[in-house]
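The chain contents come next:
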Amino acid sequence: MVLNEDAYYMGLALRQAEQALEEDEIPVGAVVVCQGKIVAKAFNQTEILTDVTAHAEMLAITSAAQTIGGKYLKDCTLYVTLEPCLMCAGALYWSQLGRLVFGALEEKRGFRALGSTVLHPKTEIIGGILAEESEALLKEFFSRKR
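Each value, and the rule that gives it
Think of each chain on its own: its residues are numbered from 1, step by step along the sequence as written. Only residues with pLDDT of at least 70 get local features here, since the model is predicted, and only at 80 or more are side-chain atom pairs given and counted; chain-wide, interface and lining totals rely on the full set of residues. To obtain the side-chain values, all non-hydrogen atoms of the structure were used and water was disregarded. UniProt positions are given in the numbering used here, feature names are shortened, and annotations may be inferred rather than shown by experiment. Only runs of H or I of at least four residues qualify as helices and only runs of E of at least two qualify as strands under DSSP, and these elements are numbered from the N terminus. Relative accessibility thresholds used throughout: buried, under 20% of the residue-type maximum; exposed, over 50%; partly exposed, between the two (1.4 Å probe, protein chains only). Note on definitions: a residue-residue contact is assigned when non-hydrogen atoms from the two residues lie within 4.5 Å. Aromatic rings from Phe, Tyr and Trp, with only the six-membered ring used for Trp, were paired whenever their centres fell within 6.5 Å, and each pair was classed as stacked if the ring planes differed by under 30 degrees, edge-to-face if by over 60, and tilted otherwise. By nonpolar core is meant a set of buried Ala, Val, Leu, Ile, Met, Phe, Trp, Tyr and Cys residues that side-chain atoms within 4.5 Å join together. Strand pairing requires that DSSP identify at least two bridges connecting the strands. Fitted lines through C-alpha atoms serve as axes, helices being fitted only where they are in contact, and the angles separating the N-to-C directions of these axes extend from 0 to 180 degrees.

Attention shifts here to the UniProt feature "active site" (unreviewed entry) in the protein. If you check UniProt for "active site" (unreviewed entry), the listed places come out as E57 in our numbering. The topology assignment puts E57 in helix 2 (residues 56-68). Taking relative accessible area as the criterion, E57 reaches 3% and is therefore assigned buried. Setting aside its immediate chain neighbours within four residues, E57 contacts V28, A30, L78, V80, L82, P84, C85 and C88.

Below, the discussion takes up the packing of aromatic side chains. Applying the stated criterion to the full structure yields four aromatic pairs. Summarising the aromatic geometry, the rings of Y8 and Y9 are spaced 5.1 Å apart at their centres and angled 70° between planes, so their arrangement reads as edge-to-face. Taking relative accessible area as the criterion, Y9 reaches 11% and is therefore assigned buried. Here Y9 and Y79 contribute two aromatic rings whose centre-to-centre distance is 5.4 Å and whose plane-to-plane angle is 35°, an arrangement assigned as tilted. Taken together, the positions of Y9 in helix 1 (residues 3-22) and Y79 in strand 3 (residues 76-82) put the pair 70 residues apart, joining distant regions of the chain.

A few words on the nonpolar core. Within the largest apolar cluster, 26 residues are counted, with the highest numbers of intra-cluster contacts made by V32, L78, V80, L92, L97 and L100. Where this core is concerned, the elements lending two or more residues are strand 1 (29-34), strand 2 (37-43), helix 2, strand 3, helix 3 (86-95) and strand 4 (99-104). Excluding residues within four positions of it along the chain, L100 makes contact with L78, V80, P84, L92, F111, L119, T123, E124, I125 and I126.

On to the sheet that holds strand 4, then. Sheet architecture is open: five strands sit in the order 2-1-3-4-5, paired in mixed fashion. Here the strands that pair on one side only, and so sit at the sheet edges, are strand 2 and strand 5 (124-126). Neighbour to neighbour, the strand axes of the sheet diverge by 15° on average, direction disregarded. As defined by bridge partners, strand 1 adjoins strand 3 across five bridges and the pair is classed as antiparallel. Among the inter-strand pairings, V33 is bridged to a residue of strand 3, identified as T77. Across the face of the sheet, helix 2 comes into contact with strand 1, strand 2 and strand 3 while running at roughly 145° to strand 2.

Below is the structure:
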């Protein structure tokens, strides 16, 4: 994929994050693309579902696997507005995700900040796509909470 496609799909993930913000959830959104088709969209729903595991990535992985009819996402790209946490990175490992594209860095709880190489060795990782827009949503959410 080229950068323009990455920006396009990350823009769709940002729309999911905006939906999370409207629902008073931490604004993280995700989109899974497989062979040029969107197979899943999700946003954080930990409050709505009263489930600490209901991160955008986890919901998107489940939805994508159901859509494609298999548990492995080798031919898929996950676009997520924030660097995945260790829990989500572990799930991405087990799904054998082909490519991860994220927006903002998660300096405290992101899988890379924790020194983890938990993603599958074949997973391509690209960070910083529309990072400023992703960070702006997060700042807006947390400023409302203070």
